[in-house]
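# Coordinate inspection notes
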Amino acid sequence: MQTMTVNLSELNEHPAQMRTTLDAEGMASLTLQVHTRGLDPHQPIVVARPPLERETVAVPGTGEDGMVVISGHRRLLARLLAYELEGLLSHERVRADGDGGLTEPSASQAEGLAEASADLDKARSIVAGWAGQDGGLIAAYGPLAARHGEREITVVLLEGDQRTQVLALQASNFSQEEPDMLGQARSFHAAAEAGASVQEIANNVGKSVHYVQNHLAVVEMPEALIRLIVDGALGMGVARPVASLPAGKREGLAAIVVARAERTPPPTVAAVKAAAQRLGQWDGIQVPLRAPDAATRNRARIMQALWGQVVAEKPLRAWGVAADAAYQGLLGEPWTDTRICAAWIAALAPEVSHGENGRADWDRLMVDLAPDVSCATCRVSGLPYPPLSQDLALPCRSSLTAEEPRTAQPGVCLQGMGEHDPFLVQVPMAWAGLQGVSEHPYTCTSWEDLQAAWLAQQERERAEVETVADRSTARPTSSEADAQSEADTRAEDVGGDPSDPSPAPAETPSQPVGPSEPRPIDQQRAIIRSFMENHTSLATEHPWATLCALCQHLRGDSPTKDPSLPHCEWAARLKTVEFFIRGPVDGGGPCIPLCRQFAPQDSPWRQRIPAHSAAPSLSRDWMLAQIRHLVADGHKTRRPIGDARTMMEFMTGRPIKATGEGHRGWFLQELEKQVGELSDEQVQTLFVWVFSEWRRVKANGYGGDNQYPVPVGPNGSQSVLYSEREWIDDFPLVQPPVESRPGEDG
C-alpha cells in the first residue's frame, strides 16, 4: 500500500460507512488522545479511490478526485475535533494574558501551554457542542472538514475494487475492542514505573485523571478483591480507598468484602468506601483515659491486651475483625457496649473467650489479660465486714464473711480497680439519695464518699430491722399511751413525723388494733407482687409497655432480709407506688401494662426507638422543634391534685429515694444528648409518641375525658383511642378491654 499526504478536504465518506451514531464520551476520549500525540503512525487512515459505479457522499468544497475513507472514520473526525480543541486552548491563553495584550507565545510555548491545559472535560465540551447540532456528530464531519480542509494528513492508499474496499472497511470496524480492566491497570502501572505522570497517562489514552488513578490503585489491591471488580460484582470506585490503606488493614478489609459478596445484599461501593475511611482513621484499641465505670475500663483493658496478642500472632484475623466492625459502623469504642465487646472478643479469640453458657467468660479474661487488677490493688477491700443486705455486687462482698480471711487474690472481678485507676465504684440502686452517691449510673467517685454511703446504708438497714422487731413484740393495750405509741410506729413506717398529731387516727382503748388490718407497706408490696406476676399477660410487645424484665429495679432476691418480699427495689420500704393498665376504649388494640416506677436498663435511645414504617414527610428540624414545644406545653398543663405524672415516663430511669423524683427536665436533656444518633425515621416515631403523650396529658387534666390516642401496629403506624385505669392487687389473669367514661376515676 502507498503512503501519501492529502488535504482533509479531499477525503469523503465511503458509501458503505457502517457508523450512523457515535458515542460522545468515546469521541471525547479519542479527541484528547489525538490532540496529545496526533494520529498514531501504526494506525494510519486508510483511503481508496472512489468506486466508479457508486456515488460518494461528497464533502463540501471537495473535487471529483476526492478519496473515500476505508478505515479511520472516528480517528479522522477526532483529528478535526482536536483542531477545535486547540483553538479553544489558544483562546484561553489569550484571555489569560495578565497584561491584557494579544501577543501570541512562541510555537514551543504554545505547545507547552496546550499540553498543560488540555483535559478530558475540555474535550467533552467540544464534542458536546458539535453533537448538539442537527444530525449529531456524524453530520459534523462536513462542516469541520470545510473549516479545516486545507490542513494536511498522511494516509495509506488501498488498491482494489469495490468488493475489496467494503470487506476491508467491515474488518476494520469489527476488529476494535477496548482492553480489559486488569490489562489497562497493569499497562498504566508499567507507564508510571517508566516515569510517566498520571496526567500524561490520562491524556495519552483520552481518559480522566480519576480513571487512571482508579486503575493504578487496582494493582495495589489484594487479588481476591481484584477478581470481584473484574467479574463486575464490585465497582471500580473501591480501588483507591482500599489501596490507600496499610497492608494489614487492606488485607483484612478485602477478606471481609469477599466474604460478604456471597451474602444478600452484597457489599456496595459506598459501604466499602465508608468502611475503608473508618478503618484508615482507626488507631487500634486503646484504654480510655476516662470511663463511666470500672467495668468499662476493664473491658477496654481486656480488649487491648487481646488485640495486641492476636495482631502479633494472627494479623489477618485481627484486621479482619476490625474491618468487619468498620463495615458495620462498630469501630468506635466497642467496650462501652457489653454485647459488642463480647462479640469482638469472641471473633478475636473464640477458643478462650467463652464459658459454658456461651457468653464471655469475664473472670477468665480478667485473670489472663488484666493481671494488674487484683484484690491487692482494689480499694474496695477497705470496707467493713460482714456485707450489708444491699451491698456492692462484687465477689469480695458477696462470697466472704467476717470470719473468713481476706487474702490478696488474682483479679477475677470486672468491677475491680488497678493501682493507678481513678476511684469509681458502682453501688446498689438502693443507695440512691445517700450523700456521696452519684446517679445514672449509681456510683461513688472517692473512697470517702463510698465509706460514708456504706455507713449510712448500714444505719438505714439497722433501723429497718429494729422497726420489724419492735412490731413483732408489740401487743395492744387499753391505755391511751400505748395507742399513741402504735400510731408513732405506724408514722415511722410511712416516713412521717411522730410529733405530728395526725399521722394516723388513734385507736380508742375499747377498739385495739386488730392483727387483720393490713399495714400500708403490706398493701404496697401486694400491688408490686400482683404487677410482677401478672403484667406479662398483657401486651408486652408494645414499646410503651413497662416490663419488670427490662427494669433496673428488678432484683434476683428480696430487697430486705425477708425472703418472701417481691424481688423489686420498691418493696424495700414504704413509698408511693402506682401501676396502671392502658386499654382501647372501643377495642381494636392491646392492653398495655404501665409501671410508674419503671427505670429502663441502661440502653441508648437508638436501640429503643423503632424507625417509623413511612418515610418522613416532615423535615427533621420541624419535628424536633415540635417535640420540644409539646413537651414544654405538656409540663405546663394543670393537673388534678395528687397527680404528678409527666410526659414520656416510659423512657425515664428514676432513683429510689423519698423525695426529688420529678424528672420534667430529664426528657429534653436526654433528647439533646442522643438526638444526633437517631435516624430521621426514629425522630418521626419519637414525634408520634410525644404527640400522643401530649394528648394524654391534655385528656387527663382538669375537664379532660381520660381518652387519648396511642400508636399501635408496626412501628406505631396506626393510632387507637385509649384510656387507662389503676391496677389493683387482685388483678385477673385475663383482662377485658378497658372502658372509661367521662367523670369516672381512671
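Predicted, not measured: the structure shown is a model, and the values here were computed from it.

## Quick notes on the overall build of the chain
When helices and strands are counted, the chain shows 25 helices and eleven strands. Residues classed as buried in the chain amount to 44% of the 746 residues present. Total accessible area on the chain stands at roughly 37,900 Å², and carbon and sulfur atoms take up 51% of it.

## Digging into the packing of aromatic side chains
In the structure shown here, the tally under the stated rule is 13 aromatic pairs. Look at F650 and W689: their rings are 5.6 Å apart centre to centre, the planes differ by 70 degrees, and that puts the pair in the edge-to-face class. Residue F650 is found in the loop between α23 (620–636) and α24 (666–674), and its partner W689 is found in helix α25 (residues 680–700); the two are separated by 39 residues along the sequence. Look at W689 and you get buried, because its relative accessible area is 2%. An aromatic cluster is present here, built from W282, W307, W319 and W344 joined pairwise through their rings. Here the guanidinium or amino end of K207 rests over the ring plane of Y211, the centre of that ring lying 5.0 Å away.

## Notes on the nonpolar core
By size, the foremost hydrophobic cluster in this structure holds 58 residues, and its most contacted members are V218, M221, L253, W307 and W344. Element by element, the count of residues in this core is highest for helix α15 (residues 315–328), at eight residues. Apart from the residues lying within four places of it in its own chain, the contact partners of L253 are V242, L245, V272, A275, A276, L279 and A323. Core analysis: the second largest hydrophobic core is formed by 35 residues, L11, A28, Y83 and V127 among them.

## Things to note about the sheet that holds strand β11 (residues 718–726)
Pairing in this open sheet of four strands is antiparallel, and the strands run β9-β8-β11-β10 from one edge to the other. With partners counted over all chains shown, the strands left at the sheet margins are β9 (592–595) and β10 (708–712), one partner each. The average undirected angle you get between the axes of adjacent strands in this sheet is 40 degrees. Bridge count for strand β8 (residues 579–584) against β11 is five bridges, and the pairing is antiparallel. Bridge pairing in β11 links P584 to Y722. The strands touched by α25 are β8, β10 and β11; relative to β10, the strand with the most contacts, the crossing angle is about 155 degrees.

## Considerations on the packing of helix α1 (residues 24–37) against helix α8 (residues 198–205)
Following both chains from N to C, one finds α1 and α8 inclined at 115 degrees, their axes separated by 6 Å at the closest point. Judged by the angle between their axes, α1 and α8 are roughly perpendicular. Here S29, L32, Q33, T36 and R37 of α1 come into contact with α8, specifically with A202, N203, N204 and V205.

## Quick word on the environment of A145
By the secondary structure assignment, A145 is in helix α5 (residues 136–147). Judged by relative accessible area, which is 2%, A145 ranks as buried. C-alpha of A145 to C-alpha of L11: the two residues are 134 residues apart in sequence and 8.5 Å apart in space.

## Quick notes on the environment of R596
With respect to the helices and strands, R596 occurs in the loop between β9 and α22 (605–608). Looking at R596, the relative accessible area reads 9%, which means it is buried. Among the polar contacts listed, one links the side chain of R596 to the side chain of E578, at a separation of 2.4 Å.

## A look at the pairing of β8
Of all the six residues making up β8, six are buried; the element is thus mostly covered by neighbouring parts of the structure. Residues of β8 alternate between two faces, with F579, I581 and G583 on one and F580, R582 and P584 on the opposite face, all of them buried. Where β8 and β9 come together, four bridges link them in antiparallel fashion. What sits directly across from I581, in β9, is P593.

## Side note on helix α16 (residues 338–348)
Taken as a whole, α16 has its buried residues at C341, A342, W344, I345, A346 and L348. For α16, the secondary structure elements touched by its buried residues are α14 (294–313), α15 and α17 (362–369).

## Re the pattern of salt bridges
Counting across every chain of the model gives 21 salt bridges. The partner of R79 in a salt bridge is E86, and the shortest N-O contact between them spans 3.3 Å. Judged by its relative accessible area of 11%, R79 is buried. Taken together, the salt bridges that share partners define one network made up of R582, E693, R696 and E724.

## Some details on the confidence of the model for the chain
Should the pLDDT be low somewhere, the predicted coordinates at that spot are not to be read in detail. Mean pLDDT over the chain: 77, with 76% of residues reaching 70 or higher. Taken as a whole, residues 400–410 scores under 50 in pLDDT and shows 19 contacts with residues more than four places along the chain or in a different chain. pLDDT under 50 marks residues 475–514. Its contacts with residues more than four places away, or in other chains, come to 24 contacts.

## Points about the side chain of S29
Within the secondary structure layout, S29 lies in helix α1. Leave out the neighbours within four places in its chain, and S29 touches L120, V205, G206 and K207.

## Quick look at the sheet that holds strand β5 (residues 152–158)
Through backbone hydrogen bonds, the strands of a sheet pair up, either in parallel or in antiparallel fashion. Strand order in the open sheet formed by five strands is β1-β5-β3-β4-β2, with mixed pairing between adjacent strands. At either margin of the open sheet sits one strand with a lone partner, and together these are β1 (2–7) and β2 (11–12). Inspection of the sheet shows strand β3 (residues 45–48) paired to strand β4 (residues 67–71) by three bridges, in the antiparallel sense. Looking at β4, one finds that A48 is bridged to V68.

## A look at unusual backbone geometry
Residue P386 follows Y385 across a cis peptide bond; omega there is 0 degrees. Here P386 is to be found in the loop between α17 and α18 (395–398).

## So, the state of the cysteines
In the structure shown here, the tally under the stated rule is zero disulfides. Sulfur of C548: no disulfide; nearest cysteine sulfur belongs to C595 and is 6.4 Å away. The class of C548 is buried, set by a relative accessible area of 15%. Not part of a disulfide, C551 finds its nearest cysteine sulfur in C595, a span of 6.1 Å.

Criteria and cut-off values
- Residues numbered from 1 in each chain as written.
- Predicted model: local features only at pLDDT ≥ 70, side-chain atom pairs only at ≥ 80, totals over all residues.
- Heavy atoms only, no water.
- Helix = DSSP H or I, 4+ residues; strand = E, 2+ residues; numbered from the N terminus.
- Buried < 20%, exposed > 50% of the residue type's maximum accessible area, 1.4 Å probe, protein only.
- Areas by Shrake-Rupley, 256 points an atom, 1.4 Å probe, with all protein chains shown as cover.
- Phe/Tyr/Trp six-rings, centres within 6.5 Å; stacked < 30°, edge-to-face > 60°.
- Lys NZ or Arg CZ within 6 Å of the ring centre and 35° of its normal.
- Core = buried A, V, L, I, M, F, W, Y, C linked by side-chain atoms within 4.5 Å.
- Contact = heavy atoms within 4.5 Å.
- Pairing = 2+ DSSP bridges.
- Axes fitted to C-alpha atoms, helices over the stretch in contact; angles between N-to-C directions.
- Parallel < 35°, antiparallel > 145°, perpendicular 65-115°, else oblique.
- Polar contact = N/O pair within 3.5 Å; in protein donor to acceptor, adjacent residues only side chain to side chain.
- Salt bridge = Lys/Arg side-chain N within 4 Å of Asp/Glu carboxyl O.
- pLDDT = per-residue confidence, 0-100.
- Disulfide = S-S within 2.5 Å.

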